[in-house]
Each structure stands twice: as structure tokens, then as C-alpha cells.
Amino acid sequence: MSYTIAGMKIPSEHLVLGVFGAIGAAAYAGMSGGSSKKEKPSVDKVPLNAESADEEAFIKQFLAEAAKEDSK
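Residues numbered from 1 in each chain as written. Predicted model: local features only at pLDDT ≥ 70, side-chain atom pairs only at ≥ 80, totals over all residues. Heavy atoms only, no water.

Under the annotation held in an unreviewed UniProt entry, the chain carries the name ATP synthase subunit K, mitochondrial and is attributed to Malassezia restricta. The Subcellular location (unreviewed entry) field of the UniProt record for the chain holds the comment "Mitochondrion membrane". (UniProt positions renumbered as here; feature names shortened; annotations may be inferred.)

Caption draft 1: Looking closely at the overall build of the chain. Secondary structure summary: the chain contains two helices and two strands in total. Its helices and strands taken in sequence order, the chain reads β-β-α-α from the N to the C terminus. Across the 72 residues of the chain, 0% fall into the buried class. (Helix = DSSP H or I, 4+ residues; strand = E, 2+ residues; numbered from the N terminus. Buried < 20%, exposed > 50% of the residue type's maximum accessible area, 1.4 Å probe, protein only.)

Caption draft 2: Quick look at the pattern of salt bridges. Counted by the stated rule, this structure contains one salt bridge. The shortest N-O distance in the salt bridge between Lys60 and Glu56 comes to 3.5 Å. Of the two residues, Lys60 and Glu56 are both situated in helix 2 (residues 53-71); the distance of four residues between them amounts to about one turn of the helix. On the accessibility criterion, Lys60 (38% relative accessible area) is partly exposed. According to the relative accessible area criterion, Glu56 is partly exposed, its value standing at 34%. (Salt bridge = Lys/Arg side-chain N within 4 Å of Asp/Glu carboxyl O.)

Caption draft 3: Seen up close, the pairing of strand 2 (residues 8-11). Bridge analysis of strand 1 (residues 2-5) against strand 2 gives four bridges, and the strand direction is antiparallel. Across the sheet, the residue bridging to Tyr3 is Ile10, located in strand 2. With antiparallel pairing between neighbouring strands as the criterion, strand 1 and strand 2 make up a hairpin whose turn holds two residues, including Ala6 at a positive phi of roughly 55°. (Pairing = 2+ DSSP bridges.)

Caption draft 4: Here's a closer look at a nonpolar patch on the surface. Taken together, the side chains of Val16, Leu17, Val19, Phe20 and Ile23 define a hydrophobic patch exposed on the protein surface, amounting to about 500 Å² of accessible area. Residue placement: Val19 occurs in helix 1 (residues 12-32). Take Val19: its relative accessible area is 46%, and that puts it in the partly exposed class. (Patch = residues over 30% accessible without salt bridge, like charges linked within 9 Å, V, L, I, M, F, W, Y side chains within 5 Å. Areas by Shrake-Rupley, 256 points an atom, 1.4 Å probe, with all protein chains shown as cover.)

If you want it as C-alpha cells, here you go:
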């Protein structure tokens with residue numbers, strides 16, 4: 001079976017191969033991802049909404065300990 005597209009006869013197997021190729025290209029482009037340079041926010045860059053200096057020190061200490069655990 002063939003279809004007439006823009007005045008040309010196109011076999012159905014060619015249409016299927018074109019659809020499969022387009023789906024494969026879209027899947028490849030979607031899975032290729034962006035750059036691998038994803039920077040984690042450091043303790044200094046995180047905004048702290050502490051009400052006192054003691055609370056701010058506690059939060060910074062907690063974040064530093066959590067960063068150490070992540071690096072293990």
C-alpha cells in the first residue's frame with residue numbers, strides 16, 4: 001500500500017521508518033541532557049532567615065555537617 005503525498009507515491013513502510021526515526025531522534029535528544037557542570041549551592045550561597053546569631057550559627061554548622069556526610 002502506498003500514499004500520495006505532495007504528488008509522490010510514498011510506500012507505507014517508508015512512512016513507518018520515518019516515524020520510527022523521528023521518535024528515535026526525539027528520544028535521543030531528550031535523553032542526551034545538558035551540561036554536566038551542575039553546581040551544588042554552597043553553605044555561603046544559601047540565604048539564611050535566622051532570627052538570631054545563635055540560630056544562624058546552628059544552621060551553618062548543620063549545613064556543613066550535612067555537606068561532609070554527602071561527600072563520604
